[in-house]
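Listed here are the chains, written in short residue letters.
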Protein chains: 2
Amino acid sequence: MPSQPGLSPIDVQRLKTACSTCSLRELCLPAGLDQRGLEQVDRLVNRRRPIRRGDYLYRSGAGLDSLYAIRTGFMKSCVLHEDGREQVAGFHMMGDLMGLDAISSSRHMCDAVALEDSEVCEIPLAALEQLSHDIPSLQQHFHRIMSREIVRDYGVMLLLGTMRAEERLAAFLLNLSQRFAARGYSSTEFHLRMTREEIGSYLGLKLETISRALSRFHEENLIEVRNKHVKIIDMEALRGLIGQPSGAS
Amino acid sequence: MPSQPGLSPIDVQRLKTACSTCSLRELCLPAGLDQRGLEQVDRLVNRRRPIRRGDYLYRSGAGLDSLYAIRTGFMKSCVLHEDGREQVAGFHMMGDLMGLDAISSSRHMCDAVALEDSEVCEIPLAALEQLSHDIPSLQQHFHRIMSREIVRDYGVMLLLGTMRAEERLAAFLLNLSQRFAARGYSSTEFHLRMTREEIGSYLGLKLETISRALSRFHEENLIEVRNKHVKIIDMEALRGLIGQPSGAS
DNA sequence: TCCGGGATTTGATCCAAATCAAAACCCGTG
DNA sequence: CACGGGTTTTGATTTGGATCAAATCCCGGA
């Protein structure tokens, strides 16, 4: 992406600051912004809000007013069925945009819960729409973000519909690894912010199954696990595990 | 939704014609359009394309140039995994918009296959983005459509992650029923355009399981099935079936 | 109309993951 | 620093759906 006309190096610097302020590189960095757009994004992105571990960012059924970009921390979103069943629909970290589900009906369709103390940027949807009207590249980028969520969902469906327990867990660990790497953290060593039960819910499995699979990976020297700390020892073997009708161990 | 200022009854008529031409009520009817917008939508929506049963509308990996609104017919979209596994990610009918997955990377991330002879309207993405820039209410509506797809996906995840075989099938039948009803067709009697195997793929089950569950529903007088023809006898019982840890029959 | 191949049904058996159960562990808190 | 509740591990058993197998059905094409 070449730098945009009318965007001085100083502007670029300010933009990066504004965006990194809110970990919004996802949302605004790729958009070519002029001076005015820059200021507008600045303003848009400035409402911060801290959330304590265990607190809800929003609840299913609540009215939509804003989207939320995660600045720091870790969250989950859960879909609920009236009968009380619930399913973790995703885990979200720094830079992720949450609340897209609510645009369709102006009501949130899932719960968002902080898995550790976090901070988000509130982005009023109306302002975002206005701004992406004024800045076409922002509009495009916003569309890409929504589309990416759809693609992610398709991946989860494939996982839930066709994979065996160990494949699912391997895919999950590799996905986390990638996402940490993309944010400049270690791709091989990280802390699971969620419980075994939450992993299980996300992967359509029970917590015991998660625990057993982790133990097996450990035994086979694919990973090291101690509580919530995970170290990936053999990334390749983990990758190879996906797509095997049954283990070749 | 009150009628828009500057939109004469004749305009409304033309708009409805233009939209129903392509079954695009989803895409443009709710948007308040002025005379000029109207003409633009007309133009945007005018590229028709027939597809024969079994043909691909697009394939995973192909470049994105257009979205597609289904005018008539029935399609499926399938996500593929490199190892050959595939999963039906959705079934699409009249009025549905396909191709949203491709916006994120300008490449299609799934296959789209016609399950019967169909006709779609090709909507060049660039033109749609331009137009939704010119017509804010169209922009909003487009966002809602993408968001709705995300919500739908969450529902599928819940289904795949938490429901038992019979619950999944009941949910599937009820969903089809609703969608047919919304399009003015019978909500109780319809033709399955897909095979048992495709239903199974969508629901994360094997074709034999689908067949058995359909038979059981038939035995219990919830539905009548003969080949691909389905008649729902006891909609309430079918609804009640969802959310039962195990059958109360 | 008859033929052939895919689609569907149904049965028997198997197996991966769920469930039930209990012990161990870990961490935050008083 | 000991207590207590939630989390995790591990084992034994059960089970829902997969798999294997075979008969039947149905529809499109010659």
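Before any of the text, the structure's been laid out above.
Heads up: these notes are all about the structure in this document. This one's a predicted model, so the numbers in the text were calculated from it and none came from an experiment.

**Points about the environment of B:Glu224**
At step 1: You can see B:Glu224 is positioned in strand E10 (residues 223-226).
At step 2: Taking C-alpha positions, B:Glu224 is 36 Å from B:Met109, a pair spaced 115 residues apart along the chain.

**Quick notes on the interface of chain A and chain B**
Much of the literature gives interface size as the accessible area that the parts lose upon coming together.
At step 1: With 43 residues of chain A in contact, the opposing surface of chain B contributes 43 residues.
At step 2: Counting each side, the surface lost to burial between chain A and chain B is near 4,100 Å², with a carbon and sulfur contribution of 64%.
At step 3: Taken together, the connections running from chain A to chain B amount to 2 salt bridges.
At step 4: Where chain A meets chain B, there are 20 residue pairs in polar contact (both at pLDDT 80 or more).
At step 5: At 20 residues, helix H5 (residues 136-162) of chain A tops the list of elements feeding residues into the side of chain A that touches chain B.
At step 6: Each residue belonging to the side of chain A that touches chain B can be placed in one class, and the counts come to 19 nonpolar, 13 polar and 11 charged.

**Some points on the protein's contact with DNA strand C**
At step 1: In the vicinity of DNA strand C, 18 residues are found, and the nearest of them are A:Ala165, A:Thr209, A:Arg226, B:Ser211 and B:Ser215.
At step 2: For DNA strand C, the backbone makes up 65% of the atoms found within 4 Å of the protein, where backbone means sugar plus phosphate.
At step 3: Between DNA strand C and B:Arg196 there is a distance of 2.9 Å, counted from a phosphate oxygen to a side-chain nitrogen or oxygen.
At step 4: Going through the elements one at a time, helix H8 (207-219) of chain A together with helix H8 (207-219) of chain B are the ones with two or more residues in the surface near DNA strand C.
At step 5: Ranked by the residues each element gives to the surface near DNA strand C, the list is headed by H8(B), at 5 residues.
At step 6: Considered class by class, the residues forming the surface near DNA strand C number 3 nonpolar, 6 polar and 9 charged.

**Structural notes on the pattern of salt bridges**
Residue and element names in this part refer to chain A.
At step 1: Under the criterion given, the structure shown has 26 salt bridges over all chains.
At step 2: Its salt-bridge partner being Arg48, residue Glu119 comes within 3.5 Å of it at the nearest N-O pair. Here Glu119, found in strand E8 (residues 118-124), pairs with Arg48, found in strand E1 (residues 47-51); they are 71 residues apart in sequence, far enough to count as distant.
At step 3: Look at Glu119 and you get buried, because its relative accessible area is 17%.
At step 4: For Arg48, a relative accessible area of 43% corresponds to the partly exposed category.

**Side note on unusual backbone geometry**
At step 1: Positive phi, normally seen in glycine, also occurs at A:Asn221, with a value near 60°.
At step 2: You will see that B:Asn227, though not glycine, has its phi angle at about 55°, which is positive.
At step 3: Looking at where B:Asn227 falls in the secondary structure, it is placed in the loop between E10 and strand E11 (229-232).
At step 4: A residue is classified by how much of its surface remains accessible, and B:Asn227, at 55% relative accessible area, is exposed.

Reading the values: the criteria
Residues numbered from 1 in each chain as written. Chains lettered and ligands numbered in written order. Predicted model: local features only at pLDDT ≥ 70, side-chain atom pairs only at ≥ 80, totals over all residues. Heavy atoms only, no water. Helix = DSSP H or I, 4+ residues; strand = E, 2+ residues; numbered from the N terminus. Contact = heavy atoms within 4.5 Å. Buried area = accessible area lost by both parts, 1.4 Å probe. Salt bridge = Lys/Arg side-chain N within 4 Å of Asp/Glu carboxyl O. Polar contact = N/O pair within 3.5 Å; in protein donor to acceptor, adjacent residues only side chain to side chain. Nonpolar A, V, L, I, M, F, W, Y, C, P; charged D, E, K, R; others polar. Near = heavy atom within 4 Å. Buried < 20%, exposed > 50% of the residue type's maximum accessible area, 1.4 Å probe, protein only.

Note that all results are geometric; they support no functional claim without further evidence.
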